[in-house]
Amino acid sequence: WWNRDPFAAGRCAVPPLRASRAVVCLANTTEIVVPFQTLRSRFLRLYQRKAMVHHYTQYIDTALFDEALGALDDLIDGYERALARPRAAHAPA
């Protein structure tokens, strides 16, 4: 089914430890691409300088950084393609 309102919020029945209440918000919107783009640019600034990479190379191969960046690029591309489609293309036929 198609949800015209991309947000849903609700009170959680079981709050996290040391909390009396909790609320959850789910958002289904292509506007999430902006934080992903920001994440990518911040990551690239640090990674190009090899900042903090030495902390991770003792546990993982540096190729995983490139793989993760590729996955993030694919995610961003997908959201940008969805944004480029006309609004009617998002609704069910």
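As a reminder, the structure under discussion sits directly above these lines.
Parameters at a glance
The residue numbers shown here count from 1 along each chain, following its written sequence. This being a predicted model, a pLDDT of at least 70 is required before a residue's local features are given, and a value of 80 or more before pairs of side-chain atoms are given or counted; all residues contribute to the totals for chains, interfaces and linings. Computation of side-chain values: all heavy atoms of the structure, hydrogens and water removed. Aromatic contacts are taken between Phe, Tyr and Trp rings whose centres are within 6.5 Å, Trp giving its six-membered ring; a plane angle under 30 degrees counts as stacked, one over 60 as edge-to-face, and the others as tilted. Strands are runs of DSSP state E lasting at least two residues, helices are runs of H or I lasting at least four, and both sets are numbered from the N terminus onward. Burial classes follow relative accessibility: with a 1.4 Å probe on protein chains only, a residue under 20% of its type's maximum area counts as buried, one over 50% as exposed, and anything between as partly exposed. Whenever Lys or Arg places a side-chain nitrogen within 4 Å of a carboxyl oxygen from Asp or Glu, that contact is recorded as a salt bridge. Every helix has an expected span of 1.5 Å times one less than the residues it contains. Taking the helix axis as origin, the arc is that swept by the directions to the C-beta atoms.

Draft legend 1. Structural context of the packing of aromatic side chains. For the coordinates displayed, the defined rule picks out 5 aromatic pairs. Considering the side-chain rings of F36 and Y79, the 6.1 Å spacing of their centres and the 35° angle between planes classify their relative orientation as tilted. Note that F36 is positioned in helix α1 (residues 33–48) and Y79 in helix α3 (residues 63–84), a separation of 43 residues in sequence. On the accessibility criterion, Y79 (25% relative accessible area) is partly exposed. With a centroid separation of 5.2 Å and 15° between ring planes, the pair formed by F43 and Y47 is classed as stacked. Of this pair, F43 and Y47 both sit in helix α1, 4 residues apart, which is roughly one turn of the helix.

Draft legend 2. Summary view of the environment of A22. Of note, A22 is situated in the loop between β1 (7–11) and β2 (23–27). A relative accessible area of 15% means that A22 is categorised as buried. Here the alpha-carbon distance between A22 and R11, two residues 11 residues apart in the chain, equals 6.0 Å.

Draft legend 3. A look at the pattern of salt bridges. Counted under the stated rule, the structure contains 1 salt bridge. A salt bridge links R40 to D73; the nearest nitrogen and oxygen atoms lie 2.3 Å apart. Here R40 is found in helix α1, whereas its partner D73 is found in helix α3, with 33 residues between them in sequence. Residue R40 is classed as partly exposed on the basis of its relative accessible area of 26%.

Draft legend 4. View of α3. For α3, with 22 residues, the first-to-last C-alpha span of 32 Å sits near the 32 Å given by 1.5 Å per residue. Restricting attention to buried positions, one finds in α3 the residues F65, L69, L72, I76 and A82. Mapping the buried residues of α3 onto a view down its axis gives an arc of 145°, with all of them on the same face. Exposed and oriented more than 90 degrees from the buried face of α3 are E67, D74, R81 and A84.

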